[in-house]
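Chains, contacts and geometry: an overview
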Amino acid sequence: MDVLIFGGQSNMQGQTEILPPDNEPVKNILEYRHKTHSLLPLVHPVGEDLEDLLLAAHEGHGSLLPDFCKAYQKECGNNVVAVHVAKGATCLSDWLSGTRRFEQTLEKIQAAVALAEKQERVENIFFIWLQGESDALAKTEKNIYLRQLIEFKNSLKRKIDIKRFCIIRVGFFSQEKVYDRAIMRAQEMAAKTDKDFCILTRICSKLSRRKKYLNPYAAGHFNNEGMHVIGCKAGKNLGKSAVRVRRT
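Residues numbered from 1 in each chain as written. Predicted model: local features only at pLDDT ≥ 70, side-chain atom pairs only at ≥ 80, totals over all residues. Heavy atoms only, no water.

As a further point, take the packing of helix H5 (residues 142-157) against helix H6 (residues 177-193). It is at 8 Å that the axes of H5 and H6 come closest, and there the two elements cross at 45°. Our classification of the angle between H5 and H6 gives oblique. For the crossing formed where H5 meets H6, the hand is right-handed. From H5, Lys142, Tyr145, Leu146 and Leu149 reach across to H6, where they touch Ala182, Ile183, Arg185, Ala186, Gln187, Met189 and Ala190. Classifying every residue of the contact of H5 with H6 gives 8 nonpolar, 1 polar and 2 charged. (Axes fitted to C-alpha atoms, helices over the stretch in contact; angles between N-to-C directions. Helix = DSSP H or I, 4+ residues; strand = E, 2+ residues; numbered from the N terminus. Parallel < 35°, antiparallel > 145°, perpendicular 65-115°, else oblique. Left-handed = near helix turned anticlockwise from the far one by under 90°. Contact = heavy atoms within 4.5 Å. Nonpolar A, V, L, I, M, F, W, Y, C, P; charged D, E, K, R; others polar.)

This is how it looks when you write it as structure tokens:
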């Protein structure tokens, strides 16, 4: 069994236009819910509200998790427990060790892994990160974001046996694209210089400039079609990586 942790801000939290109409539980894939300390079939809407620290998919709508997990399992065949730890409108500094959000995130992940281990031996733990829009709005410099990203990853790895910190590279969000590109460059640099990181997909930069994939009611946020494309692409790529990890 593999534990897939989904962290980040609103596009990872899920802020689509409507609950997806073809909404059936994903077969053989579970989601951990911390409030009830339980594993439930993965279905929209994902996540749960834990104070204002972590939030469920906005207004009970869609997210990328079901499509990601289906594509991942199809590629590598592993059973999955999904853990949703996301909150919109957050900068990376809001997630660092020492914050209440970090502590709540860590608590939920550790509890999820412990419960998953009771069902089946956990082989891989992967962290999937989609965040950076708020840092672009805040004009966070590339080197500052890179330093914080490494710090965040290292703080998690000291507590959890995360095999890879996987990045869905952020798309365009701010009015001044130079700041979006600074975050993209920081994420690329992390994957280039630190073997713990990898880029799962860069497709967000393309989709974020096409109206077809955007939520008409929330500027800069992906709709269900966008979430489907991102989830399938990123999940497939991580599934391929999981197969390579198993072989080594």
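Okay, back to it.
A few words on the side chain of Arg169. Structurally, Arg169 is set in the loop between strand S6 (164-168) and H6. Judged by relative accessible area, Arg169 falls into the buried class, the value being 13%. Engagement of the side chain of Arg169 in a polar contact is seen with the side chain of Ser205, the distance being 3.2 Å. Those residues in contact with Arg169 that lie beyond four places of it in its chain are Met184, Gln187, Glu188, Ile199, Thr201, Arg202, Cys204 and Ser205. (Buried < 20%, exposed > 50% of the residue type's maximum accessible area, 1.4 Å probe, protein only. Polar contact = N/O pair within 3.5 Å; in protein donor to acceptor, adjacent residues only side chain to side chain.)

The 7 strands are arranged S3-S2-S4-S1-S5-S6-S7 in an open sheet whose pairing can be described as mixed. Here the strands that pair on one side only, and so sit at the sheet edges, are strand S3 (38-41) and strand S7 (197-201). When the angles between neighbouring strand axes are averaged without regard to direction, this sheet yields 30°. Together, strand S1 (2-8), strand S2 (29-33), strand S4 (80-86), strand S5 (124-130) and S7 form the strand contacts of helix H2 (residues 65-76), whose direction differs from that of S1 by roughly 145°. Contacting S1, S2, S3, S4 and S5, helix H3 (residues 100-119) runs over the sheet at an angle of about 170° to S4. (Pairing = 2+ DSSP bridges.)

What follows covers H6. Over its 17 residues, H6 extends 24 Å from the first C-alpha to the last, a length consistent with the 24 Å expected when each residue adds 1.5 Å. Buried within H6 we find Asp180, Ala182, Ile183, Met184, Ala186, Gln187 and Ala190. Packing partners of the buried residues in H6 comprise helix H4 (133-137), H5, S6, S7 and helix H7 (204-207). (Expected span 1.5 Å × (residues − 1).)

Before going further, it helps to spend a moment on the pairing of S6. Of all 5 residues in S6, 4 are buried, a share of seventy percent or more. Here S5 runs beside S6; their pairing, made up of 4 bridges, is parallel. Of the residues in S6, the one forming a bridge with Trp129 is Ile167. Both S6 and S7 contribute to a ladder of 4 bridges, which runs parallel. Directly across from Phe165, in S7, lies its bridge partner Phe197. Taken together, S6, H6 and S7 form a β-α-β motif whose crossover is right-handed. (Right-handed = clockwise from strand over helix to strand, strands pointing away.)

Quick look at the layout of surface pockets now. Its boundaries defined by the atoms lining it, the largest pocket holds a volume of some 250 Å³. Pro20, Asp22, His44, Asp67 and Lys70 are, among the 15 residues lining the largest pocket, the residues nearest its centre. Elements that contribute at least two residues to the lining of the largest pocket include exactly H2 and helix H8 (224-247). Among the residues forming the lining of the largest pocket, the class breakdown is 6 nonpolar, 5 polar and 4 charged. (1 Å grid on protein atoms, 1.4 Å probe; cavity = no way out; pocket = protein on both sides within 12 Å on 5 of 7 lines; lining within 4 Å. Points joined across faces, edges and corners; volume = space filled by probe spheres on them.)

Moving on to a positive patch on the surface. Together, Lys74, Lys233, Lys236 and Lys240 make up a region of like positive charge exposed at the surface. Sorting elements by how many residues they give to the positive patch places H8 first, with 3 residues. Within the element layout of this structure, Lys236 appears in helix H8. (Patch = residues over 30% accessible without salt bridge, like charges linked within 9 Å, V, L, I, M, F, W, Y side chains within 5 Å. Areas by Shrake-Rupley, 256 points an atom, 1.4 Å probe, with all protein chains shown as cover. Salt bridge = Lys/Arg side-chain N within 4 Å of Asp/Glu carboxyl O. Lys, Arg positive; Asp, Glu negative; His and termini not counted. Charge placed at Lys NZ, Arg CZ, Asp CG, Glu CD.)

Next up on the list: unusual backbone geometry. Across the junction of His44 and Pro45, the peptide omega takes the value -5°, indicating a cis bond. With respect to the helices and strands, Pro45 occurs in the loop between S3 and H2. Not every positive phi belongs to a glycine, and Glu59 is a case in point at roughly 55°. Secondary-structure assignment places Glu59 in the loop between S3 and H2. In this structure Glu59 comes out as exposed when scored by relative accessible area, which is 60%. Phi is positive for Ala89, close to 60°, though the residue is something other than glycine.

Any functional reading would require information that these geometric values do not contain.
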